[in-house]
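Listed below, chain by chain, are the residues.
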Amino acid sequence: MTPRWLAHPALSALLAAAWLLLQQSLDLPQLITAAALGIGLPWLLRGFLPAGGRLRHAGMAVRLLGVVLSDIVTSNLTVARIVLTPGSNPRPAWVLLPLDLTHPAAIALLATIITTTPGTVSCIVDETGRRIIVHALDCADPAAMAAQIKQRYERPLKEIFE
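Residues numbered from 1 in each chain as written. Predicted model: local features only at pLDDT ≥ 70, side-chain atom pairs only at ≥ 80, totals over all residues. Heavy atoms only, no water.

Undergrad: Help me understand the side chain of T117, please; the structure alone is not making it clear to me.
TA: Tracing the sequence through the fold places T117 in the loop between α4 (104-116) and β2 (120-126). Judged by its relative accessible area of 7%, T117 is buried. With residues up to four places along the chain from it excluded, the contact list for T117 reads D71, I72, S75 and Y153. (Helix = DSSP H or I, 4+ residues; strand = E, 2+ residues; numbered from the N terminus. Buried < 20%, exposed > 50% of the residue type's maximum accessible area, 1.4 Å probe, protein only. Contact = heavy atoms within 4.5 Å.)

See below:
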């Protein structure tokens, strides 16, 4: 059981680590500032943050992170090829992605993953229709792209969060 002042320990650790990485220092003042930010910001924002949950499958989360990072690199190369190749003819499309996820954090994370992967320009989360609408830069088969997103990102998120 975490203390009330540390309701989001993972967020606290992430904030502290990010501060230390940005400062490129482990000097005492930076450690104190990192601890203050890591504890203080989540406490100040506690009314806006959902209740802390447990990560159900840490191994799956690490694997998903690897898949996402790999896809970002691959997609960046693909987008660069499309943009830099004279006469390339991208096929933009709207892709409808029906959601199986119900956890709000998982849906938000899926939308974030989709939009940080180059080649997908933007997305709209339609909570009433339980779907995400994705605008893809180059998509020959929207159904295949939706199936790929569900298999590569949604299924692991469902396992992690639900």
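Undergrad: I would appreciate a short explanation of the packing of helix α1 (residues 9-23) against helix α2 (residues 28-44) in the present structure.
TA: Angle between the axes and distance between the axes: these two values describe a pair of packed helices. At their nearest, the axes of α1 and α2 sit 8 Å apart, and the two run at 145° to each other. Pair α1 / α2 crosses with right-handed handedness. The segment α1 lies against α2, with L11, S12, L15, A16, W19, L20 and Q23 engaging Q30, L31, T33, A34, L37, G38, I39, L41 and P42. For the contact of α1 with α2, the class distribution of residues is eleven nonpolar, five polar and no charged. (Axes fitted to C-alpha atoms, helices over the stretch in contact; angles between N-to-C directions. Left-handed = near helix turned anticlockwise from the far one by under 90°. Nonpolar A, V, L, I, M, F, W, Y, C, P; charged D, E, K, R; others polar.)

Undergrad: Got a minute to help me understand the packing of helix α3 (residues 58-84) against helix α5 (residues 142-161) in this structure?
TA: One way to put it is that α3 packs onto α5 with a least axis distance of 10 Å and a crossing angle of 160°. Judged by the angle between their axes, α3 and α5 are roughly antiparallel. The two elements α3 and α5 meet at a crossing, and its hand is left-handed. Where α3 approaches α5, its residues M60, A61, L64, V67, V68 and D71 are matched on the opposing element by R152, Y153, P156, L157, E159 and I160. Grouping the constituent residues of the contact of α3 with α5 by class yields nine nonpolar, no polar and three charged. (Parallel < 35°, antiparallel > 145°, perpendicular 65-115°, else oblique.)

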